[in-house]
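Each chain, letter by letter, is given below.
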Amino acid sequence: MIKSATIQNDLLDVYAIREHFPILSREVKGKPLVYFDNAATSQKPQVVIDALTDYYTGYNANIHRGIHTLAEEATAAFEKTRDTAQQFINAASREQIIFTRGTTEGINLVAYTWGRQNIKAGDEIIISTMEHHSNIVPWQVLCEEKNAILKVIPINDDGELLMDEYEKLLSPKTKLVSIVHVSNSLGTVNPVKKIIEAAHKVGAVVLVDGAQSTVHLDIDVQKMDCDFFAFSAHKLYGPTGIGVLYGKKHLLESMPVFQGGGEMIKEVSFEKTTFNDLPYKFEAGTPNIADTIAFKTAMDFVNKIGKEKIRKHEHELLVYATDQLEQISGLRIIGKAKEKTSLVSFFIDKTHPQDIGILLDNRGIAVRTGHHCTQPLMHRFGIPGTIRASFAVYNTKEEIDQLVVGLQKAVKMLL
Ligand code: PLP
């Protein structure tokens, strides 16, 4: 459990927080690890790791159908995660929390079920320039299959959506808007409430990709009024291989099934199968039980510290890093939106991000380099990729200083 001293007052004791993450005490290439690849996946606190071990050592069993003690314990723990996830995003009911492998599977689930049922030839789907490939490819595949049209909201040079252009794209032909809440390459926080309101006026359904937002922002799917919301546990201090798709009940109820198999049925005969109620209708087969259970622990961890405190700390890191990085000559920050989460993407003239990444790794500093699964966005900025430093609750200003020194040395070596 998090020590109470860690979360006293308004201040976050980052050094006490760090003690919860065993990996942060390891070395890389003989140097203390500086982990700035949190937008790809965050590190896991000991409580999350313990939750996995506790399940496998204490009550490993398949869930829902067993009547023995272990099965009942495992089922109860698994279903508690659904309740916690419901509260975490303020869904109206637990039936609206569908467990998936992560954001990608959540988006694909909607594309393969709602999409195939509702999208017809000539219909339009709107996405944006800053989408992750997970929120581009499923819609491209659907559009190709149905002869529908994919439209793209442009952005300005700061990496913000051009809302006027978005409004111009909307028409009665628009059936779906699928939009990223926070860009993984720019850090931009998109005005999803406004986007949703405008889409609803033309009768379109809206999916929000919450992969990057759920760890930083307070999520209230009812206030947001999104129709679908997808996120992954591994970006919020939880395990990989588990995520959530939230949907409005009437939509989830009317959608055809995604995968067939055990768990998602009520009754099967060779003549006819009747499907289970929500949420099980979309959860075929033995789920990822251990990771789902540990996902609850991760959400509890975040709740215990409090997102507001986390945000405050991360914002300080963002401001500090932006100031420091801007001192480096030839460094260009990609993504200067007014509303940003704790992520800095940048490019250094006459260098390749990959070379910089390797030199930083030699100093124990983990950043992500490349296109970050947003190739059309990189194309928009006319660059092959960026160097991305993304900050989490356990990062410090001293680590940012090390990044700056590492970059200065790398630039000297490469130029
Ligand atoms: N959308 C965004 C904005 C992301 O950043 C990511 C992952 O980086 C995804 C979708 C896909 O998430 P996952 O790989 O967990 O399915």
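For the structure itself, consult the block above.
Definitions and limits used
Residues numbered from 1 in each chain as written. Predicted model: local features only at pLDDT ≥ 70, side-chain atom pairs only at ≥ 80, totals over all residues. Heavy atoms only, no water. Salt bridge = Lys/Arg side-chain N within 4 Å of Asp/Glu carboxyl O. Helix = DSSP H or I, 4+ residues; strand = E, 2+ residues; numbered from the N terminus. Buried < 20%, exposed > 50% of the residue type's maximum accessible area, 1.4 Å probe, protein only. Near = heavy atom within 4 Å. Polar contact = N/O pair within 3.5 Å; in protein donor to acceptor, adjacent residues only side chain to side chain. Areas by Shrake-Rupley, 256 points an atom, 1.4 Å probe, with all protein chains shown as cover. Nonpolar A, V, L, I, M, F, W, Y, C, P; charged D, E, K, R; others polar. Pairing = 2+ DSSP bridges. Axes fitted to C-alpha atoms, helices over the stretch in contact; angles between N-to-C directions. Contact = heavy atoms within 4.5 Å. Parallel < 35°, antiparallel > 145°, perpendicular 65-115°, else oblique. Left-handed = near helix turned anticlockwise from the far one by under 90°.

Looking now at the pattern of salt bridges. Opposite charge on two side chains makes pairing possible when the charged atoms of those side chains draw close. This model, assessed by the stated rule, comprises 24 salt bridges. Measuring nitrogen to oxygen at the nearest pair gives 2.3 Å for the salt bridge that ties R65 to E263. Of this pair, R65 sits in the loop between α2 (46-58) and α3 (69-88) while E263 sits in the loop between α9 (249-254) and β11 (265-268), placing them 198 residues apart in sequence. Judged by its relative accessible area of 55%, R65 is exposed.

Around the ligand sit 13 residues in total, of which T104, D209, Q212, S232 and K235 are the nearest. Within the side chain of T104, a nitrogen or oxygen atom sits 2.6 Å from an oxygen atom of the ligand. Between a nitrogen atom of the ligand and a side-chain N or O atom of D209, the distance comes to 2.6 Å. Burial of the ligand by the protein amounts to 85% of the accessible area it has alone, namely 390 Å². Grouping the constituent residues of the shell around the ligand by class yields two nonpolar, nine polar and two charged.

Within a beta sheet, neighbouring strands are joined by backbone hydrogen bonds and run either parallel or antiparallel to one another. The four strands lie next to each other as β13-β14-β17-β16, forming an open sheet whose pairing is antiparallel. The sheet terminates laterally at β13 (331-333) and β16 (368-370), the two strands that pair on one side only. Taking each pair of neighbouring strands and ignoring which way they run, the sheet shows an average axis angle of 30 degrees. Note: β13 against strand β14 (residues 343-348), three bridges, orientation antiparallel. In the strand pairing of β14, R332 is matched with F347. Across the face of the sheet, helix α11 (residues 307-325) comes into contact with β13 and β14 while running at roughly 10 degrees to β14.

The next subject is the packing of α2 against helix α10 (residues 289-305). Where α2 contacts α10, the two axes come as close as 8 Å, and the packing angle between them is 150 degrees. When the axis of α2 is compared with that of α10, the two are roughly antiparallel. Every pair of crossing elements has a handedness; the one defined by α2 and α10 is right-handed. For the pair α2 and α10, contact is made by V47, V48, A51, L52, Y55 and Y56 and by I289, A290, D291, I293, A294, T297, A298 and F301, respectively. When its residues are assigned to classes, the contact of α2 with α10 shows 12 nonpolar, one polar and one charged.

What you see with strand β4 (residues 97-100) is no split at all: I97 and F99 on one side and I98 and T100 on the other are buried throughout. Across four bridges, the pairing between β4 and strand β10 (residues 243-247) is antiparallel. Counted as the bridge partner of I98 is L245 from β10.

It is worth spelling out the sheet that holds β10 at this point. Taking strand neighbours across the sheet as the criterion, the seven strands line up as β4-β10-β9-β8-β7-β5-β6 in an open arrangement whose pairing is mixed. Each edge of the sheet is formed by a strand with only one pairing partner; in this case those strands are β4 and β6 (149-153). Strand-to-strand twist across the sheet, computed as the mean angle between neighbouring axes with direction ignored, equals 20 degrees. In the sheet, strand β5 (residues 124-128) pairs with β6 via five bridges, with the strands oriented parallel.

To continue, consider the packing of α11 against helix α14 (residues 397-414). Packing of α11 against α14 leaves a shortest axis separation of 10 Å and a crossing angle of 25 degrees. Comparing the axis directions of α11 and α14 gives the class roughly parallel. Of the two elements, α11 crosses α14, and the hand of that crossing is right-handed. Here E316, L317, Y320, A321, Q324 and L325 of α11 come into contact with α14, specifically with K397, I400, D401, L403, V404 and L407. Looking at side-chain class alone, the contact of α11 with α14 contains eight nonpolar, one polar and three charged residues.

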